[in-house]
Amino acid sequence: MDDTQEEGPSGWVKLISEDGFTFILPEKAAQTSGFFKSTLNSTVGFQESETKVIRCGERAAVLETVVEYLVFKAEFGHTSGKNTIPDFTKRIPAGLALEILMAADFLDC
């Protein structure tokens, strides 16, 4: 079966990197990206809104950090100033920082 026709698990979104690696994240986390939110919107009519499988133009090393950030943002995005929020910047590999920044900008993270 072709990966684009396969369905992601209910409540989850499957992202496939350009080099063929698969990342599965909660739909709630994927919705924190403006690009993924639009892509998954059923009123727009994209196939991805039904299958919950999105092919991304990023390589796995970059997409992995983007996925980590989306989960981080979903978990800590609405945290009040009273709680300590971990510093996410320490998770970004220095050699990939520019690629990650470009991907995050395109995906509207």
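Quick caveat, the model's predicted, so the values are computed rather than measured.

### Digging into the pairing of strand β2 (residues 22-26)
Step number 1: The pairing of strand β1 (residues 12-16) with β2 spans five bridges and is antiparallel. Note that in β2 the partner of Val13 across the bridge is Leu25.
Step number 2: From the end of β1 to the start of β2, which pair antiparallel, there are five residues, and Gly20 there has a positive phi angle of about 90°.

### Observations regarding the packing of helix α4 (residues 60-76) against helix α5 (residues 97-107)
Step number 1: Two numbers describe how α4 lies on α5: the axes approach to 9 Å, and their chain directions differ by 60°. By the angle between their axes, α4 is oblique relative to α5. Relative to α5, α4 is oriented so that their crossing is right-handed. In this structure, α4 contributes Val62, Thr65 and Val66 to the contact, and α5 contributes Glu99, Ile100, Ala103 and Leu107.

### Structural notes on the side chain of Thr65
Step number 1: Looking at where Thr65 falls in the secondary structure, it is placed in helix α4.
Step number 2: With residues up to four places along the chain from it excluded, the contact list for Thr65 reads Phe88, Arg91, Ile92, Pro93 and Ile100.

### Looking at the nonpolar core
Step number 1: One finds Leu15, Leu25, Phe36 and Ile54 to be the most contacted residues of the largest nonpolar core, which totals 21 residues.
Step number 2: Among the secondary structure elements, those contributing two or more residues to this core are β1, β2, α1 (27-30), α2 (34-40), α4 and α5.
Step number 3: Residues contacting Ile54, with those up to four places away along its chain left out, are Val13, Lys14, Leu15, Ile16, Phe36, Thr39, Leu40 and Glu48.

The rules behind each value
Numbering of residues starts from 1 in each chain and follows the order in which that chain's sequence is written. Residue-level local features of this predicted model are given only where pLDDT is at least 70; pairs of side-chain atoms are given and counted only at 80 or more, and the full residue set underlies all totals for whole chains, interfaces and linings. Heavy atoms from the whole structure form the basis of all side-chain values; hydrogens and water molecules are not counted. At least two bridges found by DSSP between two strands is the condition for calling them paired. In this description a helix means any DSSP run of H or I spanning at least four residues, a strand means any run of E spanning at least two, and both kinds are numbered starting from the N terminus. Here an axis means a line fitted to C-alpha atoms, over the contact stretch when the element is a helix, while the angle between two N-to-C directions is reported on a 0 to 180 degree scale. Oblique is the label for every angle not falling under 35 degrees (roughly parallel), over 145 degrees (roughly antiparallel), or within 65 to 115 degrees (roughly perpendicular). Helix crossings fall into two classes, left-handed where the near helix is turned counterclockwise from the far one by less than a right angle and right-handed where it is turned clockwise. Throughout, a residue-residue contact means that at least one pair of heavy atoms, one from each residue, lies within 4.5 Å. Take the buried Ala, Val, Leu, Ile, Met, Phe, Trp, Tyr and Cys residues and link them wherever side-chain atoms come within 4.5 Å; each set so joined is a nonpolar core. Partly exposed describes any residue whose relative accessible area lies between the buried limit of under 20% and the exposed limit of over 50%, with all areas from a 1.4 Å probe on protein chains only and scaled to the type maximum.

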